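# Residue-level structure breakdown
Residue-level listing of the chains:
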Amino acid sequence: MATLLMNVPQRFGYLFCLPKAAAMPLVVIAIALAGIACSAPPAHAQTEGYEDEMGMEGYEDEMDMEMGMEEYDYDMYGSSGPGGRSRPGRGMSTQDLVAARLSAALTSAFESTNFATLADPAAAPPVQAGPVLLNDAIVAYAKGKHELAMRLYFGHIVAEYESAQNQLQLVKYSPLMKRPTWQLRWGISYAVRGDATDPQPIGDVNPAGRGGFGSGFDDSGMEAGMDDFGMEEDFGVPGGGRGPRGSGGPGMEDMDSMEDMDGMDEMYEQEMMMMGSGRARSRAAAPAALSPADRLAALDVTMISEEAETSLSNTLGMVTTILGEEFDRRYTQGDFGRAMTDVTSESGSVETVSEEFVQLIENAGDSLPLWRPGIVFLGEGDSSDNVRRAQKAGLDLIIHLDVLLKPLRGEYTQNISRCRLLHVPTGKSLGVSKTIDSLEFAQKARTKNMASRDYIGEQLANFFGIIDRETITTELPSLTPAIASKRIGSLLASGGGLNLRTLAEVRLFQSQQLLNEDEVLTAFDIVGGEEAMALIYGSEEERLRIVRKWAAGRTSDEE
């Protein structure tokens, strides 16, 4: 019987297409109406003998006095008593007593239920309208999990093949990597050597603002600025804002009185909070469990790493600013590939993510942080060490900056840097920029009135030319079935285990009708056996589970 009553709200909601929480107050109303319809013999006919037996005669006098007070209350407030609520008296029938209590329960149920939301479509839980894995990939990218995002992106192409045709059209060709490319994977690193400890990089200096080695300010200018704003007056000098009678603001006595008033206001607010109505406290519901979207929002993850930007800027100043701007321009226009180039920190439908996806983000660990969209930060270290780290992470290219710091007289530092473009698979250098010298810039700024942007742009012009010549992708050329079969054969021969990137390329050639069904099935079976076959024939739930499992279990999916 108890189990049946517990299932009533669920069955009631299913009957009327309502959630269990919305059906609960309606069930209470129905039970209340049924209780009111029941009849019972008058209470006074059953309680007279009971009063005699229990010795209630002396208690009747007290009840009469209370009833007299109640009649006085009725005269004061009307027949409903204080607050407009009915006050049943002595001799009331059981039916009336039950009706009064049920009426109070009904009132509470009505007050705690917003019936307007029961039929409101906006009140329903959000549902992912498009491909689930594509949204997962975009949200992961927006949360700074670039490596995981690319695995999920390839998983979308593999497991949501029918709805991935738009993404299959975005593929380009990389002459440098000699393969189809959705997005080249970049990294940036730097190494510092020399005897100086303060980098003093070139700052954003305009001709009219030069005056120092970096930002263009000197000590005398700073002191003059402080005098103009009366900085000394803030420390109690006559006329200052902190003095007892200073013209700039309240004195110390006034501040004490204001602090006392603040304390009184705080005590008053706390008392008002504690004086909440009993009815409101009784209706307070237990805190609801966090939704996947709330859990995701609570995570301390961002798309772009502030630490990466700070580390590079402190050492290289405007050099990294101009490098970043030029990289962003090429990245957003699709020069390095067109996959997810429009993703920002606000992209994706966060409200529709699943519990499994949030767990995937939580367990993803510390991946390489994004310095800017499309390029991860490898940190400080020798170029050979960073190349090995990039190979492990499945990167294609590295911009590595070598920095030399020379101490000068007057506690100045000469900051000399140059950029190198490294091909990760081979570790070879594809080109080097001209030297960027802070001392040389200071001389040109003084003699030629040159801005720092102009100087750095001139020194990096040849380096950007190397990037455009070596790394820019092109449209995918027309291929033959023989070329496609050879390409897939080489991928399968290289191994790599449960590689979603390999299967995404199989799907690409399948969409271009360069592989027949038997070749597709053979490739899937070699890569992942039964699980890979389930990515083709399994249910949506099973396909999502397998892709997330593979995405979480791999350290890299080399493109």
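Residues numbered from 1 in each chain as written. Predicted model: local features only at pLDDT ≥ 70, side-chain atom pairs only at ≥ 80, totals over all residues. Heavy atoms only, no water.

### Structural notes on the overall build of the protein
Defined as follows: Starting at the N terminus, helices and strands are each numbered in turn, a helix being any DSSP run of H or I of at least four residues and a strand any DSSP run of E of at least two. Throughout this description, buried means an accessible area under 20% of the type-specific maximum (1.4 Å probe, protein chains only), exposed means over 50%, and partly exposed covers the range between. Any two residues having at least one pair of non-hydrogen atoms within 4.5 Å are treated as being in contact.
Within the protein one finds 23 helices and ten strands. Taking all 559 residues of the protein together, the buried fraction comes to 38%. Sequence-distant contacts in the protein: of pairs separated by 6 or more residues, those separated by 24 or more amount to 70%.

### Concerning the nonpolar core
Which entries qualify depends on this criterion: What is meant by a nonpolar core is a set of buried Ala, Val, Leu, Ile, Met, Phe, Trp, Tyr and Cys residues, joined one to another through side-chain atoms within 4.5 Å.
Core analysis: the largest hydrophobic core is formed by 107 residues, its most contacted members being Leu152, Tyr153, Trp182, Trp186 and Leu323. Per element, the largest residue contribution to this core is nine residues, and it comes from helix H8 (residues 146-159). Filtering out sequence-adjacent residues up to four positions away, Leu152 remains in contact with Leu133, Asp136, Ala137, Ala140, Phe357, Leu360, Val547 and Ala551.

### Thoughts on the environment of Arg507
Here Arg507 lies in helix H21 (residues 500-511). Among the residues examined, Arg507 registers a relative accessible area of 5% and is labelled buried. Residues Arg507 and Phe154, spaced 353 residues apart in sequence, show a C-alpha to C-alpha distance of 9.8 Å.

### Topic: the sheet that holds strand E1 (residues 172-174)
The line we're drawing: Two strands are counted as paired when DSSP detects at least two bridges linking them.
Judged by pairing direction, the sheet is antiparallel, and its three strands sit side by side in the order E2-E1-E10 without closing on themselves. Each edge of the open sheet carries a strand with a single partner, namely strand E2 (179-181) and strand E10 (474-475). Bridge count for E1 against E10 is two bridges, and the pairing is antiparallel. Bridge pairing in E10 places Lys172 opposite Glu475.

### Considering the pairing of strand E3 (residues 186-194)
Here E3 runs beside strand E5 (residues 375-380); their pairing, made up of five bridges, is parallel. Note that in E5 the partner of Tyr190 across the bridge is Glu380. Examined bridge by bridge, E3 and strand E6 (residues 397-407) share nine bridges and lie parallel to one another. Looking across to E6, one finds that Tyr190 is bridged to Leu401.

### Some thoughts on the packing of aromatic side chains
Worth spelling out the cut-off: Stacked, edge-to-face and tilted are the three classes for Phe, Tyr and Trp ring pairs, Trp counted by its six-membered ring, which pair at centre distances within 6.5 Å; planes under 30 degrees apart are stacked, over 60 edge-to-face, the rest tilted.
According to the stated counting rule, one finds nine aromatic pairs in the structure shown. Between the aromatic rings of Tyr153 and Phe154, the centroid separation amounts to 6.0 Å while the plane-to-plane angle is 65°, which identifies the pairing as edge-to-face. In this structure, Tyr153 and Phe154 share a single accessibility class: buried. Judged by centre distance (5.7 Å) and plane angle (65°), the rings of Phe154 and Trp182 are edge-to-face. Here Phe154 is found in helix H8, whereas its partner Trp182 is found in the loop between E2 and E3, with 28 residues between them in sequence.

### Overview of the pattern of salt bridges
Heads up, the rule is: The working definition used for a salt bridge is a side-chain nitrogen of Lys or Arg within 4 Å of a carboxyl oxygen of Asp or Glu.
Evaluation of the coordinates by the stated rule reveals 17 salt bridges. A salt bridge links Arg548 to Asp136; the shortest N-O distance between them is 2.7 Å. In this pair, Arg548 is assigned in helix H23 (residues 540-553) and Asp136 in helix H7 (residues 132-142), connecting sequence segments 412 residues apart. An identical accessibility class is assigned to Arg548 and Asp136; each is buried. Asp385 is paired through a salt bridge with Arg388; the nearest N and O atoms lie 2.3 Å apart. Residue Asp385 and its partner Arg388 are located together in helix H17 (residues 383-393), separated by three residues, close to a single helical turn.

### Observations regarding the side chain of Ser174
Where we set the bar: Under this definition, polar contacts are N or O atom pairs within 3.5 Å; protein pairs additionally need one hydrogen-donor-capable and one acceptor-capable atom, and for neighbouring residues in sequence, both atoms have to be side-chain atoms.
Among the structural elements, Ser174 can be located in strand E1. At 3.1 Å, the side chain of Ser174 and the backbone nitrogen of Met177 are in polar contact.

### Focus on helix H16 (residues 355-362)
Operational definition: The directions from the helix axis to the C-beta atoms are what the arc is built from.
Within H16, the full set of buried residues consists of Phe357, Val358, Leu360 and Ile361. Down the axis of H16, the buried side of the element spans an arc of 155°, and every buried residue falls inside it. The elements touched by buried residues of H16 are H7, H8, helix H13 (292-298) and H23.

### Regarding the packing of helix H15 (residues 318-332) against helix H19 (residues 452-470)
Spelled out, the test is: Only the stretch in contact is used when a helix axis is fitted, and all axes are lines through C-alpha atoms; the angle between N-to-C directions ranges over 0 to 180 degrees. Roughly parallel means an angle under 35 degrees; roughly antiparallel, over 145; roughly perpendicular, 65 to 115; everything else is oblique. By definition, any crossing whose near helix is turned counterclockwise from its far helix by less than a right angle is left-handed, and any crossing with a clockwise turn is right-handed. Note that Gly is not counted as nonpolar here; it falls among the polar residues with everything else outside the nonpolar set of Ala, Val, Leu, Ile, Met, Phe, Trp, Tyr, Cys and Pro and the charged set of Asp, Glu, Lys and Arg.
Running from N to C, H15 and H19 point in directions that differ by 45°, and their axes come no closer than 10 Å. By the criterion of interaxial angle, the relationship of H15 to H19 is oblique. Between H15 and H19 lies a crossing whose hand is right-handed. Packed against H15, whose contacting residues are Met318, Val319, Thr321, Ile322, Leu323, Glu325, Glu326 and Arg330, the element H19 presents Ser452, Arg453, Ile456, Gly457, Leu460, Phe463, Phe464, Ile467 and Asp468 at the interface. Here the contact of H15 with H19 is built from residues that sort into nine nonpolar, three polar and five charged.

### Digging into helix H22 (residues 517-537)
This is how the line gets drawn: A helix is expected to span 1.5 Å for every residue after the first. Note on bend: at a given residue it equals the angle between the axes fitted to the 7 residues ending there and to the 7 starting there.
The end-to-end C-alpha distance of H22, which contains 21 residues, comes to just 13 Å, noticeably less than the 30 Å that a straight helix rising 1.5 Å per residue would cover. The largest bend in H22 comes to about 130°, at Gly528. Looking at H22, one finds that the buried residues are Val520, Leu521, Ala523, Phe524, Val527, Gly528, Gly529, Ala532, Ala534 and Leu535. Contact partners of the buried residues in H22: H8, helix H20 (481-493), H21 and H23. Sitting at the amino-terminal end of H22 is Asn516, which places a side-chain oxygen 3.2 Å from the backbone nitrogen of Asp518.

### A short note on the pairing of strand E8 (residues 428-432)
The pairing of strand E7 (residues 413-423) with E8 spans four bridges and is antiparallel. If you follow Leu421 over to E8, its bridge partner there is Gly431. Between the end of E7 and the start of E8, which pair antiparallel, lie four residues, with Gly427 showing a positive phi angle near 80°.

### Observations concerning the confidence of the model for the protein
For clarity, the cut-off: Here pLDDT means the predictor's own confidence in every residue, given as a number from 0 to 100.
Looking at the protein, pLDDT values average 77 and 62% of them are 70 or higher. For the stretch residues 1-6, pLDDT sits under 50, and the model shows zero contacts to residues farther than four places along the chain or on other chains. Across residues 39-89, where pLDDT falls below 50, the model places 31 contacts with residues more than four positions away in sequence or in other chains.

### Structural notes on the packing of H7 against H8
Put simply, H7 and H8 touch, their axes get as near as 8 Å, and they point 170° apart. Of the possible angle classes, the one that applies to H7 and H8 is roughly antiparallel. Residue-level contacts link Leu133, Leu134, Asp136, Ala137, Ala140 and Tyr141 of H7 to His146, Ala149, Leu152, Tyr153, Gly155, His156 and Ala159 of H8. Of the residues contributing to the contact of H7 with H8, the split by class is nine nonpolar, three polar and one charged.

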